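One-letter residues, chain by chain:
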Amino acid sequence: MKYRFRFLTERLLRLEYQEDGFFVDEQTACVRNRDFGEVDVQVSRKGNLIEYNTAHLQVLYDEQPFSPHGLRIKVKTDASLYTSIWHYGEPLQTLGGTARTLDFTDGEVAINEGLISRHGFSVLDDSHSALFVDGSIVPRKHTGIDLYFFGYGHDYQAALCDFYQLAGKTPLLPRYALGNWWSRYYAYTQEEYLALMDKFASKNLPLSVAVIDMDWHITKVDPKYGSGWTGYTWNRALFPDPVAFLAELHRRGIKVTLNLHPANGVQPYEEAYEAMRKELGVPEGEAIEFDCNDPVFMQAYFKHLHHPLEEQGVDFWWIDWQQGTISGVAGMDPLFILNHAHFEDNSRKGERGLILSRYYGHGSHRYPIGFSGDTTISWESLAMQPAFTARSANVGYTWWSHDIGGHYGGSYDEELFVRWVQFGVFSPIMRLHSSKNNFGSKEPWLCTMQNEWIISHFMRLRHRLLPYLYTAMYRTTEQGIALCKPVYYEHADCLESYATQNEYFFGSELLVVPIVSKCLPSIQAAVEKAWLPAGLWFDFFHGKRYVGDGFQNFYRRIDEMPVLAKAGAIVPMTESMEANENPDNLIIRIFPGANNMYELYEDDNKALVERRLFTRLHLDYEHAKFSIDLVGDHTLIPQNRSYLLEFVGFADCTCASHPVEKEGNVQRIRLDKPGSIQLSQMALAEEDTLALAYDRLAKSNIRYFLKADVYKTLQKEDRATAIKNISAMIDDADMLKYLLEVL
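Residues numbered from 1 in each chain as written. Predicted model: local features only at pLDDT ≥ 70, side-chain atom pairs only at ≥ 80, totals over all residues. Heavy atoms only, no water.

1. A closer look at the overall build of the protein chain
Link 1 in the chain: Looking only at helices and strands, the protein chain has 14 helices and 37 strands in total.
Link 2 in the chain: Over its C-alpha atoms the protein chain spans a radius of gyration of 28 Å, differing by no more than 12% from the 27 Å that the globule rule assigns to 743 residues.
Link 3 in the chain: For the C-alpha atoms alone, the extent of the protein chain along its principal axes is close to 85 × 80 × 55 Å.
Link 4 in the chain: In the protein chain, of all internal contacts separated by at least 6 residues, the share reaching a separation of at least 24 is 67%.
Link 5 in the chain: Taken as a whole, the protein chain presents about 29700 Å² of accessible surface, with 51% of it coming from carbon and sulfur.
Link 6 in the chain: Measuring between centres, the 72 positive side-chain charges of the protein chain sit 3 Å from its 97 negative side-chain charges. (Helix = DSSP H or I, 4+ residues; strand = E, 2+ residues; numbered from the N terminus. Rg over C-alpha atoms; globule rule 2.2 N^0.38 Å. Contact = heavy atoms within 4.5 Å. Areas by Shrake-Rupley, 256 points an atom, 1.4 Å probe, with all protein chains shown as cover. Lys, Arg positive; Asp, Glu negative; His and termini not counted. Charge placed at Lys NZ, Arg CZ, Asp CG, Glu CD.)

In structure tokens, the structure reads:
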């Protein structure tokens with residue numbers, strides 16, 4: 001038989017056609033598991049067609065070579081109704097996936113197809129990927145067709161979860177990966193770099209990862225040895241004592257990754273050359289070619305080039321592969337081989353593996369983190385990245401690391417940098433980066449005092465959010481839920497959810513709308529239009545209330561960005577800037593409007609087999625009660641952990657068992673141990689629209705007399721009359737919309 005169909009689930013079907021009858025059962029570069037359990041499939045004949053039926057799919061096939069008229073699949077929305085039909089070979093129209101790199105892009109970039117489609121189906125073509133055989137990566141011996149049909153309708157999350165079961169989970173990251181990274185392509189000396197880290201520390205600006213770009217190694221070489229981009233020997237003119245340098249970074253709580261361009265092999269000037277040459281049998285003085293397809297070379301590659309540097313203190317590698325997709329063996333992308341080999345090698349000691357590398361295609365999610373490449377410094381580049389990041393969930397690739405601030409080109413624009421940092425804090429990985437230019441570095445203190453304060457505030461916020469980020473990371477691994485995902489994942493039947501690209505869910509509690517445009521001069525604020533799902537939403541920072549179910553304009557000054565918490569949201573945070581340990585204090589930010597249960601996840605932050613602790617945070621809004629309960633290994637957290645409950649946007653309340661501290665619209669209760677508290681009430685606070693309007697008037701760039709007249713009108717008249725009258729008074733459309741948003 002030349003064809004083979006296998007239903008992995010009632011909605012996921014593998015279809016193979018091989019002229020020689022040899023089918024593939026091995027793992028591939030993409031697919032790791034095809035055992036999903038038993039599936040109820042009905043098989044019958046319908047004329048000259050064989051028919052397969054599950055609860056969700058109907059397949060009709062003429063048992064001939066696959067063709068549009070001989071193979072079609074219908075996707076059912078219920079037990080009897082077919083709504084979407086796919087004919088073999090027809091072009092797919094999905095909601096997009098991701099791209100290999102953003103190198104040299106300035107705005108939108110071409111992306112590949114994803115696994116999510118409004119038509120209800122998609123197809124993953126695995127016909128040409130390499131195979132895993134006895135632990136080795138080998139090309140396919142038999143060519144043919146090997147497809148996976150995803151017929152999930154609008155249940156996008158289910159499609160993504162089953163893709164992860166098919167292709168393998170996204171692994172847990174070490175905790176430090178979620179903090180702030182410092183990266184700059186610059187020839188620092190050892191002393192300069194440590195002094196820079198000390199200055200970050202003196203300003204209370206937390207960093208968790210130091211990225212040392214390619215100048216860590218010798219780069220100025222005789223042209224007969226190539227360009228100098230490939231290197232494995234410390235440049236001792238810059239780093240005279242690498243061991244001491246790395247130890248000092250570790251003492252500061254900072255992990256280290258080094259940039260790696262392996263394509264040019266190993267040249268005779270390298271310190272590790274002699275050991276490599278002898279092991280591989282290369283004649284003396286002859287360059288050692290890079291060959292990722294040769295297991296003997298790869299074994300020596302790690303043994304002599306990487307492990308000694310790791311023993312000195314290198315924690316993981318930045319694999320900056322830019323040499324294309326051809327490896328010399330059909331179907332074997334060298335980037336896939338490098339990502340797989342480096343990730344596995346970095347995991348060899350029983351701790352979580354980590355690399356920073358580029359995307360090669362389906363299956364890349366098993367080897368986080370993704371380096372998206374060298375983008376232009378421009379508003380167009382920033383405007384593209386939020387949608388690009390969220391949409392990548394459609395191929396399961398959730399841990400993108402962008403060059404926050406941009407890499408090259410552009411011109412001095414502090415506002416752009418501030419907005420990029422704000423997005424970076426609410427993106428998967430927060431990695432500041434800049435190119436080898438004396439004028440383009442990203443130290444916050446190079447900005448004006450105001451913008452330095454804003455950037456510093458957001459960088460600290462990134463570390464304060466680590467409990468929330470770490471829990472979301474766990475949910476990605478265990479439940480297949482991306483940290484950043486498009487809003488249509490939860491509102492697939494609402495057309496408006498597809499209409500705006502520049503918004504995404506950030507974890508289970510928050511919706512983010514990054515600012516990607518300049519402030520309007522008259523109001524000194526920027527505006528972004530986004531669709532807000534039905535229900536109550538609250539500004540995460542100051543609690544302003546929004547009623548969803550439509551498009552809204554969100555105005556924010558340079559020190560603000562729209563981050564919205566759902567009704568009943570619970571967001572665990574900390575005051576600690578430490579990225580390697582579980583904190584001794586939690587700040588639990590709580591919003592009104594609905595009951596909610598949030599499970600904070602913690603472990604030892606690095607092991608492959610975790611001891612786990614879940615802190616269950618339960619908001620019983622109907623009965624004015626909040627409780628904290630620990631389930632799991634209590635030894636994972638400090639015994640003296642404290643809990644600060646921040647109730648945002650609630651009406652004033654009292655608590656018989658604990659004092660309530662009030663500041664603005666935030667009420668705080670301090671606990672020294674888990675337990676339950678009963679409040680006198682839980683209700684929405686009345687919003688002081690007059691105060692909000694005053695704030696916006698005060699900081700807008702319009703005449704003082706006009707500000708005073710508008711404010712008097714708001715004080716004296718009812719809302720409807722005031723809106724009518726100030727609409728006649730203000731002729732600046734932006735200013736009017738800005739003011740009306742809070743009224």
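2. Comments concerning the sheet that holds strand 34 (residues 642-648)
Link 1 in the chain: The 5 strands lie next to each other as 29-30-34-36-35, forming an open sheet whose pairing is mixed. In this open sheet, the two edge strands, each paired with only one partner strand, are strand 29 (570-573) and strand 35 (661-663). The sheet shows a mean angle of 20° between the axes of neighbouring strands, direction not considered.
Link 2 in the chain: Of the strand pairs in this sheet, strand 29 and strand 30 (residues 585-590) are connected by 4 bridges, and their pairing is antiparallel. Paired with Met-573 across the two strands is Ile-587, which belongs to strand 30. (Pairing = 2+ DSSP bridges. Axes fitted to C-alpha atoms, helices over the stretch in contact; angles between N-to-C directions.)

3. Description of the nonpolar core
Link 1 in the chain: Grouped together as the largest cluster of nonpolar side chains are 152 residues, with contacts concentrated most on Tyr-301, Phe-426, Phe-506, Ile-588, Phe-626, Leu-645 and Phe-647.
Link 2 in the chain: Look past the residues within four positions of Tyr-301 in its chain and what remains in contact with it is Tyr-232, Leu-260, Pro-262, Met-276, Phe-290, His-306, Leu-338 and His-342.
Link 3 in the chain: Counting 25 residues, the second-largest nonpolar core is a separate cluster that includes Val-31, Tyr-164, Ala-167 and Tyr-489. (Core = buried A, V, L, I, M, F, W, Y, C linked by side-chain atoms within 4.5 Å. Buried < 20%, exposed > 50% of the residue type's maximum accessible area, 1.4 Å probe, protein only.)

4. A short note on the pattern of salt bridges
Opposite charge on two side chains permits pairing when their charged atoms draw close.
Link 1 in the chain: Inspection of the entire model under this criterion finds 44 salt bridges.
Link 2 in the chain: In this structure, Glu-16 engages Arg-4 in a salt bridge whose closest nitrogen and oxygen atoms are separated by 2.7 Å. Of this pair, Glu-16 sits in strand 2 (residues 12-17) while Arg-4 is found in strand 1 (residues 3-7), placing the two residues 12 residues apart along the sequence.
Link 3 in the chain: You can call Arg-4 partly exposed: its relative accessible area is 27%.
Link 4 in the chain: When the shortest N-O distance is used, the salt bridge between Arg-14 and Asp-146 registers 2.8 Å. In this pair, Arg-14 is assigned in strand 2 and Asp-146 in strand 12 (residues 145-150), connecting sequence segments 132 residues apart. An identical accessibility class is assigned to Arg-14 and Asp-146; each is buried.
Link 5 in the chain: Each of Arg-4, Arg-14, Glu-16, Asp-25, Asp-126, Arg-140 and Asp-146 takes part in one network of salt bridges that share partners. (Salt bridge = Lys/Arg side-chain N within 4 Å of Asp/Glu carboxyl O.)

5. Points about unusual backbone geometry
Link 1 in the chain: Its identity is not glycine, yet Glu-63 carries a phi of approximately 65°, on the positive side.
Link 2 in the chain: When its relative accessible area of 27% is taken as the criterion, Glu-63 is described as partly exposed.
Link 3 in the chain: Not every positive phi belongs to a glycine, and Gln-524 is a case in point at roughly 55°.
Link 4 in the chain: For Gln-524, the location among the structural elements is in the loop between strand 23 (510-512) and strand 24 (526-532).

6. Regarding the packing of aromatic side chains
Remark: the centre distance and the inter-plane angle together describe each pair of aromatic rings, the angle taken between the planes.
Link 1 in the chain: On inspection of all chains with the given rule, the structure shows 61 aromatic pairs.
Link 2 in the chain: With a centroid separation of 5.5 Å and an interplanar angle of 80°, the aromatic rings of Tyr-61 and Phe-66 are classed as edge-to-face.
Link 3 in the chain: Under the relative-accessibility criterion, Tyr-61 is labelled buried at 0%.
Link 4 in the chain: An aromatic cluster is built from Tyr-3, Phe-5, Phe-7, Tyr-17, Tyr-52, Tyr-61, Phe-66, Trp-86, Tyr-88, Phe-121 and Phe-149, whose rings are joined through pairwise contacts.
Link 5 in the chain: Over the aromatic face of Phe-132 sits the side chain of Arg-32, whose NZ or CZ is 4.6 Å from the ring centroid. (Phe/Tyr/Trp six-rings, centres within 6.5 Å; stacked < 30°, edge-to-face > 60°. Lys NZ or Arg CZ within 6 Å of the ring centre and 35° of its normal.)

7. Regarding the environment of Leu-466
Link 1 in the chain: Inspection of the secondary structure assignment puts Leu-466 in helix 10 (residues 466-479).
Link 2 in the chain: Distance in space between the C-alpha atoms of Leu-466 and Gly-593 is 25 Å, their sequence separation being 127 residues.
Link 3 in the chain: Among all residues touching Leu-466, those that are not within four sequence positions of it are Arg-175, Leu-178, Gly-179, Glu-578 and Ala-579.

8. With respect to the pairing of strand 32 (residues 613-620)
Link 1 in the chain: Buried residues dominate strand 32, accounting for 6 of its 8 residues.
Link 2 in the chain: Sheet analysis places strand 31 (residues 596-602) next to strand 32, joined by 7 bridges and oriented antiparallel. Bridged to Asn-596 within strand 32 is Leu-619.
Link 3 in the chain: Here strand 32 runs beside strand 33 (residues 625-632); their pairing, made up of 8 bridges, is antiparallel. In the sheet register, His-618 faces strand 33, and the bridge partner there is Ser-627.
Link 4 in the chain: In this antiparallel pair of consecutive strands, strand 32 and strand 33, the connection spans 4 residues, and Ala-624 shows a positive phi of 55°.

9. A closer look at the sheet that holds strand 21 (residues 484-485)
Two pairing modes exist for strands in a sheet, parallel and antiparallel, and in both the strands are linked by backbone hydrogen bonds.
Link 1 in the chain: The strand order across the open sheet built from 6 strands is 21-22-23-28-25-26, with neighbouring strands paired in antiparallel fashion. Looking at which strands have only one partner, the edges of the open sheet turn out to be strand 21 and strand 26 (545-547).
Link 2 in the chain: Taken together, the 2 bridges between strand 21 and strand 22 (residues 504-506) define a ladder with antiparallel strand orientation. Each bridged residue has a counterpart across the sheet, and for Lys-485 the counterpart in strand 22 is Phe-505.

10. Considering the environment of Ala-472
Link 1 in the chain: With respect to the helices and strands, Ala-472 occurs in helix 10.
Link 2 in the chain: Counting along the chain gives 36 residues from Ala-472 to Ser-508, while the straight-line C-alpha distance between them is 7.5 Å.
Link 3 in the chain: Sequence-distant contacts of Ala-472, that is, excluding residues within four places in its chain, are made with Ile-481, Leu-483 and Gly-507.

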